[in-house]
Amino acid sequence: MTWSEVVESRPEVLVIACCGFDLARTQRDLPLLLGREGWPEIPAVRDGRVFAVDGSSYFSRPGPRVVDSLEILAEIIHPDLFAGRFPPRPVLRLATVGAGGAARA
């Protein structure tokens, strides 16, 4: 999917799970994403529903951690139903778009 397709799809939630990267590495690369054209107009960005997760540990490997990945997604997508129901895992919630349209991590 191209970046313009992401922006045009107007996602309500974004989960950034960089393949092969842990959360610390993903955090270092976030400025590349935050500066993309159209970023501030995405509903997930405006509503503060953008999350970075450890793609290497939870989303890039088959096996028992698939269950952990589903629990992470459940809490992110439906916090009203699942918040606090699973063991805590490293998830970074990006801040909403700030003044002047600049997003902050």
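In this text the structure is predicted, and so the values were computed from the model without any measurement.

Rules and cut-offs
- Counting starts from 1 at the beginning of each chain's written sequence and moves along it residue by residue.
- Side-chain atom pairs in this predicted model are given and counted only at pLDDT of 80 or more, local residue features only at pLDDT of at least 70, and totals for whole chains, interfaces and linings cover all residues.
- Based on all heavy atoms of the structure, the side-chain values leave hydrogens and waters out of the count.
- The helix count covers DSSP runs of H or I at least four residues long, the strand count covers runs of E at least two residues long, and both are numbered beginning at the N terminus.
- Side-chain rings of Phe, Tyr and Trp, where Trp is taken by its six-membered ring, are said to pair if the distance between their centres is within 6.5 Å; with planes under 30 degrees apart they count as stacked, over 60 as edge-to-face, and otherwise as tilted.
- The buried label goes to any residue with under 20% of its type's maximum accessible area, the exposed label to any with over 50%, and the partly exposed label to all in between, with areas taken from a 1.4 Å probe on protein chains only.
- The predictor's confidence in any single residue is recorded as pLDDT, a number from 0 to 100.
- The contact definition used throughout considers only heavy atoms, calling two residues in contact when any of these lie within 4.5 Å.
- Counted as a polar contact is a pair of N or O atoms within 3.5 Å, where, for protein atoms, one must be capable of donating a hydrogen and the other of accepting one, and residues adjacent in sequence contribute only when both atoms are in side chains.
- One bridge is not enough; two strands pair if DSSP finds at least two bridges between them.
- In this analysis, axes come from line fits to C-alpha atoms, helices being fitted only over the stretch in contact, and the angle between any two N-to-C directions falls in the range 0 to 180 degrees.
- What counts as a salt bridge is simple: a side-chain nitrogen of Lys or Arg found within 4 Å of a carboxyl oxygen of Asp or Glu.

A.B. asks: Honestly, the environment of Ile 77 in this entry has me stumped. Any pointers?
C.D. replies: Residue position: Ile 77 is located in helix α5 (residues 65-77). Here the alpha-carbon distance between Ile 77 and Val 15, two residues 62 residues apart in the chain, equals 9.4 Å.

A.B. asks: Quick question: what am I supposed to make of the packing of aromatic side chains here?
C.D. replies: The description of two aromatic rings rests on the distance between their centres and on the angle between their planes. Scanning the model with the defined rule gives two aromatic pairs in all. Measuring from centroid to centroid gives 6.3 Å for Trp 3 and Trp 39, while their planes differ by 20°, and the two rings are stacked. Placement of Trp 3 in helix α1 (residues 3-9) and of Trp 39 in the loop between α2 (23-34) and α3 (43-46) is noted, with a sequence separation of 36 residues between them. Measuring from centroid to centroid gives 5.9 Å for Phe 82 and Phe 86, while their planes differ by 20°, and the two rings are stacked.

A.B. asks: Looking at this structure, I do not really get unusual backbone geometry. What am I missing?
C.D. replies: A negative phi holds for most residues other than glycine; trans holds for most peptide bonds. Positioned with a positive phi, Arg 10 is a non-glycine residue whose angle comes to about 50°. With respect to the helices and strands, Arg 10 occurs in the loop between α1 and β1 (14-16). Its relative accessible area of 47% is what places Arg 10 among the partly exposed residues.

A.B. asks: Any chance you could explain the confidence of the model for the chain here in plain terms?
C.D. replies: Low pLDDT means the predicted coordinates in that region are not meant to be read closely. On average, residues of the chain score 88 in pLDDT, and 90% of them are at 70 or above. Confidence drops under a pLDDT of 50 for residues 97-105, and excluding neighbours within four residues, the segment shows 21 contacts in the predicted structure.

A.B. asks: What am I meant to see in the side chain of Glu 71 here?
C.D. replies: Position of Glu 71 relative to the elements: it lies in helix α5. For Glu 71, a relative accessible area of 17% gives the class buried. A distance of 2.7 Å separates the side chain of Glu 71 from the side chain of Arg 89, its partner in a polar contact. Non-local contacts of Glu 71, meaning those with residues more than four positions away in its chain, are made with Phe 86, Pro 87 and Arg 89.

A.B. asks: Hey, could you run me through the sheet that holds β1 in this one?
C.D. replies: Each strand in a sheet pairs with its neighbour through backbone hydrogen bonds, running either in the same direction (parallel) or in the opposite one (antiparallel). Across the sheet, three strands lie side by side as β1-β2-β3; this open sheet has mixed pairing. Edge strands, defined here as strands with exactly one partner in the open sheet, are β1 and β3 (91-93). The sheet shows a mean angle of 25° between the axes of neighbouring strands, direction not considered. As paired strands, β1 and strand β2 (residues 50-53) are joined by three bridges and run parallel to one another.

A.B. asks: Quick question: what am I supposed to make of the environment of Leu 94 here?
C.D. replies: Position of Leu 94 relative to the elements: it lies in the segment after β3. With 71 residues separating them along the chain, Leu 94 and Leu 23 place their C-alpha atoms 13 Å apart.

A.B. asks: I tried to follow the pattern of salt bridges on my own but got confused; where do I start?
C.D. replies: Side-chain pairing between opposite charges can occur once the charged atoms of the two side chains come close. Inspection of every chain in the model, using the stated rule, returns three salt bridges. Here Asp 29 and Arg 25 are joined by a salt bridge, their closest N and O atoms 3.0 Å apart. Of the two residues, Asp 29 and Arg 25 are both situated in helix α2; the distance of four residues between them amounts to about one turn of the helix. With a relative accessible area of 29%, Arg 25 lands in the partly exposed category. Through salt bridges with shared partners, one network takes in Asp 68, Glu 71 and Arg 89.

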